[in-house]
Amino acid sequence: MASHGPSQVRNVLFIMADQLRRDYLSCYGHPTLHTPNIDALAKSGVRFDCAYVQGPVCGSSRMSYYTGRYVSSHGAIWNFVPISLRERGLGDYLRPHGIRTAVAGKTHVEADLSEMARLGVDVLGERGELAAELGFEPFERDDGCWPSGFVNKDNRYAAFLAHEGYRSANPWHDYANSALGPNGETLSGWEMRHAHLPARVKAEHAETPYLTSRAIDFIREQGDAPWCLHLSYIKPHWPYVAPAPYHGMYTARDVVRAQRNEIERTENAHPVMRGFQQFSGAQNFAQEAIRTHVIPAYMGLVKQLDDEIGRLMAWLRQAGQLEDTMIVFCSDHGDYLGDHYLAEKELFHDTVARVPFMIYDPRRAADRTRGTVQSQLVEAIDVVPTILDAFGVAGPSHVLEGRSLQPLLHGEAVNEWRDAAFSEMNYAFRDFVRDRTGQPIDRCHGYMVRDERWKCVFFDDLRAQLFDLENDPGEYRDLGADADYAAVRERLRERLFDWLRRRKMHPTVSYQRMAAWTRKEQEAGIQICAW
């Protein structure tokens, strides 16, 4: 992609990959997993090297991406926690300006059904549906299917699989995320021992190409009307099952060495981290034989994602849509894959909290920054203000907590930028951690503050974690109990306190209304305590 020279952005394509690690893209340094199509997107725009999510788990991270607000502000602290009905998402800002805003893929938005019921909001009506989806039109809402006994929403992908001849009560599980055994039996993708086998669907019928095709369907529908599409890929999130030929593209020789050190699992290690290390999945990934068995499938899923990004970009180019479409590419968090003797996500190591993030801006003003790498600290909450800025839509300053990245995209001088990034987690939902720490369920919150050199994590009543990113970029040596670094911890504690004091906790009243209130009283004839 190259500069097309428009002065305005007409459309925005907001792409997110679920559980995609930044260092599993070649533009971020992976030595054997080549991702030329995502790399091309970075070369045509700006690649951000220090981008952090506001929550290292799907739900809380995505709610911050979609609202432009920190976790403490929007309140959705973990997966399946309803997002308050008062919160507004990206579509709520754009739709009044005639910009159709929809999702194709996963959002993890959990509707505030109790509040909707209290207010008599019909969740099946148009307004109720938009409220339940945090402002996204559910063109293709697809969070994936689940095993029997858990959450299963209407799923068009399952219907698509059935139409293609994959017949079962749950084709998502039985075909897209399972392999075929030697006697014709279904080998569940939930069991990582089967990760080396191909999924039972053809590559073109897997989840990633399906969502690409649905995105193309949406864009084709728009004609000349402006649009904003959130294309949210489900993969490379587990189950770690890839279709042929992607399942066999990589071997144990392609698996990079785990980022871990024995000092991280001593009895003196932080109790929260030790609790997560006791999780059975973490103990599995702590075994090198399992890592080298599973990670090639993860890599295959990333490779298929890159191929589908290439297919989508080729279609956009042919359709003339690249000339005025901004493209944002990111992930909601990474995946430990055995790093730090951990699995999944939920803590704040760069493996998880620092994500791939790049933006292609088609405007002439962005020509000077194409192909550059930006080292400023950016956060997931910056996406909404950046997209609003691109469309020329003013966002409410008393609500949005992110900053538009447009100055960085256009190479403009920025006098003041953030000096720290923040993220939050909550382990109250994980009894194997909560029980180990002995903390009550209301004292299980963690806050990360990361400045240019240091990363400090504060866990309510427990001691802090502290990492010197300059001398220990792997984040192995925890200095949270080292008396020599007490002053550093205290400085970062004060920085965190300053951040907490600045949260935008009153989104129902604007700053303009607050500033004009006394004058309004006087003009109305209200004379308080007059003589």
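Refer to the structure above for everything that follows.
Keep in mind that this is a model prediction, so the values were computed, not measured.

**What about unusual backbone geometry?**
Move 1: Residue Pro236 is reached from Lys235 by a cis peptide bond, and omega for that bond is 15°.
Move 2: Of note, Pro236 is situated in strand S7 (residues 227-236).
Move 3: The linkage connecting Trp238 with the following residue, Pro239, adopts the cis geometry, with an omega of 0°.
Move 4: A positive phi angle, near 65°, is found at Phe80, a position not held by glycine.

**Focus on the environment of Ala159**
Move 1: Note on placement: Ala159 falls in helix H7 (residues 156-163).
Move 2: Judged by relative accessible area, which is 48%, Ala159 ranks as partly exposed.
Move 3: Sequence separation between Ala159 and Arg368 is 209 residues; the distance between their C-alpha atoms is 46 Å.

**Topic: the sheet that holds strand S11 (residues 421-426)**
Move 1: Read from one edge to the other, the open sheet built from four strands follows the order S11-S12-S13-S14, with strand pairing classed as antiparallel. Here the strands that pair on one side only, and so sit at the sheet edges, are S11 and strand S14 (465-468). Averaged over all pairs of adjacent strands, the angle between strand axes in this sheet comes to 15°, irrespective of strand direction.
Move 2: Docked against the sheet, helix H17 (residues 486-501) engages S11, strand S12 (445-450), strand S13 (454-458) and S14, running at close to 70° with respect to S13.

**Quick look at the packing of H7 against helix H9 (residues 207-222)**
Move 1: One way to put it is that H7 packs onto H9 with a least axis distance of 11 Å and a crossing angle of 105°. With respect to H9, the element H7 is oriented roughly perpendicular. In this structure, H7 contributes Arg156, Tyr157 and Phe160 to the contact, and H9 contributes Glu207, Tyr210 and Arg214.
Move 2: Its residues placed into classes, the contact of H7 with H9 shows three nonpolar, no polar and three charged.

**Some points on the sheet that holds strand S2 (residues 46-52)**
Move 1: The strand order S4-S3-S7-S1-S8-S9-S2-S10 describes an open sheet built from eight strands, whose pairing is mixed. Strand pairing shows two members of the sheet lacking a second neighbour, strand S4 (137-141) and strand S10 (372-379), which therefore form its edges. The sheet shows a mean angle of 20° between the axes of neighbouring strands, taken without regard to direction.
Move 2: With six bridges connecting them, strand S3 (residues 100-105) and S7 associate as parallel partners. The partner of Gly105 across the bridge, within S7, is Ser232.
Move 3: Where H9 meets the sheet, its contacts fall on S3, S4 and S7, and the angle it forms with S7 comes to roughly 175°.
Move 4: Here helix H14 (residues 383-391) sits on the sheet and contacts strand S1 (11-18), S7, strand S8 (325-331), strand S9 (357-360) and S10; the angle it forms with S1, its principal contact strand, is near 160°.

**Structural notes on the pairing of S2**
Move 1: With six of its seven residues buried, S2 lies for the most part within the structure.
Move 2: Strand direction decides the pairing type here: S2 and S9, joined by three bridges, are antiparallel. Its bridge partner lying in S9, Arg47 is registered against Met358.
Move 3: One ladder, built from six bridges, connects S2 with S10; its direction is parallel.

**What about the pairing of S9?**
Move 1: Residues Phe357 and Ile359 point to one face of S9 and Met358 and Tyr360 to the other, with burial holding for every one of them.
Move 2: Here four bridges tie S8 to S9, and the two strands are oriented antiparallel to one another. When the bridges of S9 are listed, Cys330 appears paired with Phe357.

**Some words on H9**
Move 1: Compared with an ideal rise of 1.5 Å per residue, which puts 16 residues at 22 Å, H9 spans 23 Å between its outermost C-alpha atoms and is within 8% of the ideal.
Move 2: Most of H9 is tucked away, with twelve of its 16 residues classed as buried.
Move 3: Buried within H9 are the following residues: Glu207, Thr208, Pro209, Tyr210, Leu211, Thr212, Arg214, Ala215, Ile216, Phe218, Ile219 and Gln222.
Move 4: Residues of H9 that are buried sit in contact with S3, S4, H7, helix H8 (171-176), S7 and helix H12 (288-318).
Move 5: Directly after H9, the chain includes Gly223, whose backbone phi takes a positive value near 60°.

Scoring rules and cut-offs
- Every chain begins its residue count from 1, and numbering advances along the sequence as written.
- Residue-level local features of this predicted model are given only where pLDDT is at least 70; pairs of side-chain atoms are given and counted only at 80 or more, and the full residue set underlies all totals for whole chains, interfaces and linings.
- As a rule here, side-chain values cover all heavy atoms of the structure and leave hydrogens and water aside.
- Note on conventions: DSSP H or I runs of at least 4 residues are helices, E runs of at least 2 residues are strands, and numbering of each starts at the N terminus.
- The cut-offs for exposure are 20% and 50% of the maximum accessible area for each residue type, with area from a 1.4 Å probe on protein chains only; residues under the lower value are buried, those over the upper are exposed, and the others partly exposed.
- Two strands pair under a simple rule: DSSP has to find at least two bridges between them.
- Axis definition: a line fitted to C-alpha atoms, limited for helices to the stretch in contact. Angles are taken between N-to-C directions and run from 0 to 180 degrees.
- Only heavy atoms matter for contacts: two residues are in contact if any of them lie within 4.5 Å across the pair.
- Note on angle classes: values under 35 degrees are labelled roughly parallel, values over 145 roughly antiparallel, values of 65 to 115 roughly perpendicular, and the remainder oblique.
- When residues are sorted by character, Ala, Val, Leu, Ile, Met, Phe, Trp, Tyr, Cys and Pro go into the nonpolar class, Asp, Glu, Lys and Arg into the charged class, and all the rest, Gly among them, into the polar class.
- In a helix, the anticipated span is given by 1.5 Å times the number of residues less one.

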